[in-house]
Amino acid sequence: MAASGESDPEGLCGPERAGAGGLALLGLAPSAPSCPHGPALLFVKTSQGREEGRRFYACSACRDRKDCNFFQWEDEKVSETRLAAREEYNRNHRPSFTHRQNVERYKNFVLLPLSKRRFCQECQQLLLPAEWEKHSNHQFLCDISTVQLKSPSQLLYPLENKKTNAQYLFAGRSCQFLLDLIIDLGFRRVLSVGTPRLHEMIQSKASQEEDFKVRSLLLDIDFRYSQFYTEDEFCHYNMFNHYFFGGKAARETCRKFLYQDNGERVIMVTDPPFGGLVEALASSFKKLMAMWKETEKEGQDNQEMPMFWIFPYFFESRILEFFPSFTMMDYQVDYDNHALYKHGKTGRRQSPVRIFTNLTPSMIVLPVEEGYRFCTICQRYVSSGNQHCEICNSCTSKDGRQWKHCVLCNKCVKPSWFHCNNCNCCTLSNHTCEKTDAGCFVCGTAGHKRSTCPSLSCTRAACQADKKQRQKTLKRIKMGICKRSLMKHAIFFRKKVKNKKKKQ
């Protein structure tokens, strides 16, 4: 998962998916306001699949307001003063150097002797000798070698916000497998969307081996990579809103790269943050596919741009919702800097990350030495624990374990699941039943839970009215007590005055 993530919001004309409750993504509006991460996305709160409340704009890349607190109602009239302040804020959050300036700095940096090559760990920046004094109080690395410069993903600190830019980097095993697969399939150009480690492996091999013909273009939201790659090798890009920070020049760089000159085939490989919105990602990927199709020659109108989307298996239904032609492969992708997503673990500890692709499944050859085998019935490679179910007529396991068939559910389920007669489906043995004989706690009707009860709003209103009535009663009682106390005090004071007068 890269910065926008080597992984841990087609313009949308309506809610792509409104769930039982929560937020629905409406897409990217033509006149959307911008934050430092580019144009904001339009959202709306939903309940029971219907819009509730006002529509609003929020940051496309950051789902946590702590990372980017941009917010604006869709129908809000923003003053000129506030617009000017927003523009100033966006300008102040731009990188210190442009991409072109970083390229020039890199050229000067590589000319320095090894003893004068320094990298500021605090600022994550290559330093030229004239800048040492400014960073004198910072921690820095010395003697930066050419090998380190060719492997920036190992030199830079990984960003680890799961929702924004989870930068879990491919392990060497997975990275090498992907590159070998790409070469075997005959692709010579790789659009690396949020996959910096794959990009740098391709760049490194291309500089060392004369007969290595594969080329790569990295699209990533992590601008730090602009220090190491030219404008033809890296584009600052937000995959949640299809935004090129470099404007038309960067977009044209991407378009030219996608053009299949001399029959060179192109494939897109992407590894977004697992906490990212699938709707927003799918929208951007479709736009990249459309850009590729524009460069294609006639006679290929029905083809899709070949693609590897690397994502956890439990997002399968969501990905297929937007890309019905995709198939999930059984290959387990692992990462260097993730505690759980490691190769070789068994049971539930196995990496849940898979490869989704629109290529023919039989073409994706998985390594037999790692336990994968070819199923002649399914015509694809599967993990050793993924046994073919004769009833389902498919290799049904998603997580690498052998699944079991439930006759009542008429499908295969996880080995730890059991059929619940109350829920009428397979689930964990210690679950809480959603459907019980007693029905909903609010209205008593079966078929829904208390949280989604249509009568809940009425009940809440009644409770609130009752609460207000109690508060009024308590207020009257308190006022009554205060009045009685004041009256007693006044009577006591009068008696005291009368007694003084009698004494006189």
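Note that the structure is predicted; figures quoted are calculated from it, not measured. (Residues numbered from 1 in each chain as written. Predicted model: local features only at pLDDT ≥ 70, side-chain atom pairs only at ≥ 80, totals over all residues. Heavy atoms only, no water.)

Focus: the sheet that holds strand E7 (residues 118-120)
For clarity, the cut-off: Criterion used throughout: strands pair if DSSP finds at least two bridges between them. Secondary structure elements follow DSSP: runs of H or I no shorter than four residues count as helices, runs of E no shorter than two count as strands, and numbering proceeds from the N terminus. Between N-to-C directions, angles cover 0 to 180 degrees, with each direction set by a line fitted to C-alpha atoms, over the stretch in contact for helices. Every residue pair with non-hydrogen atoms within 4.5 Å of one another is taken to be in contact.
One open sheet holds the three strands; their spatial order is E8-E7-E9, and the pairing between them is antiparallel. Of all the strands in the sheet, the pair left with one neighbour each is strand E8 (125-127) and strand E9 (140-142). For this sheet the average axis-to-axis angle between neighbouring strands, irrespective of direction, equals 25 degrees. Bridge analysis of E7 against E9 gives three bridges, and the strand direction is antiparallel. Across the sheet, the residue bridging to Phe-119 is Leu-141, located in E9. Along the sheet face, helix H2 (residues 99-110) touches E7 and E8 and points at about 50 degrees away from the line of E8.

Remarks on empty space enclosed by the protein
Quick reminder of the rule: Only protein atoms enter the 1 Å grid, on which a cavity is a set of points fitting a 1.4 Å probe that cannot get out and a pocket is an open set with protein on both sides within 12 Å along at least 5 of 7 lines, lining residues being those with an atom within 4 Å of a point. Grid points are joined across faces, edges and corners, and a volume is the space filled by probe spheres set on the points. Residue polarity is assigned by list, with Asp, Glu, Lys and Arg as charged and Ala, Val, Leu, Ile, Met, Phe, Trp, Tyr, Cys and Pro as nonpolar; anything else, Gly included, falls into the polar class.
In this structure, the second largest cavity encloses a volume near 50 Å³. Taken together, Asn-102, Arg-105, Tyr-106, Phe-109, Leu-126, Leu-128 and Gln-227 make up the lining of the second largest cavity. The element best represented in the lining of the second largest cavity is H2, accounting for four residues. Residues that form the lining of the second largest cavity fall into these classes: four nonpolar, two polar and one charged.

Let's talk about the packing of helix H5 (residues 172-184) against helix H6 (residues 196-208)
The line we're drawing: By convention, the crossing between two helices is left-handed when the near helix turns anticlockwise from the far helix through less than a right angle, and right-handed when the turn is clockwise.
Two elements in contact, H5 and H6, have axes whose closest approach is 10 Å; the angle formed by their N-to-C orientations is 60 degrees. In the crossing of H5 with H6, the sense of the turn from one axis to the other is right-handed. On H6, the residues touching Cys-175, Gln-176, Leu-178, Leu-179 and Ile-182 of H5 are Arg-197, Leu-198, Met-201, Ile-202 and Lys-205. When the residues that make up the contact of H5 with H6 are grouped by side-chain class, the tally is seven nonpolar, one polar and two charged.

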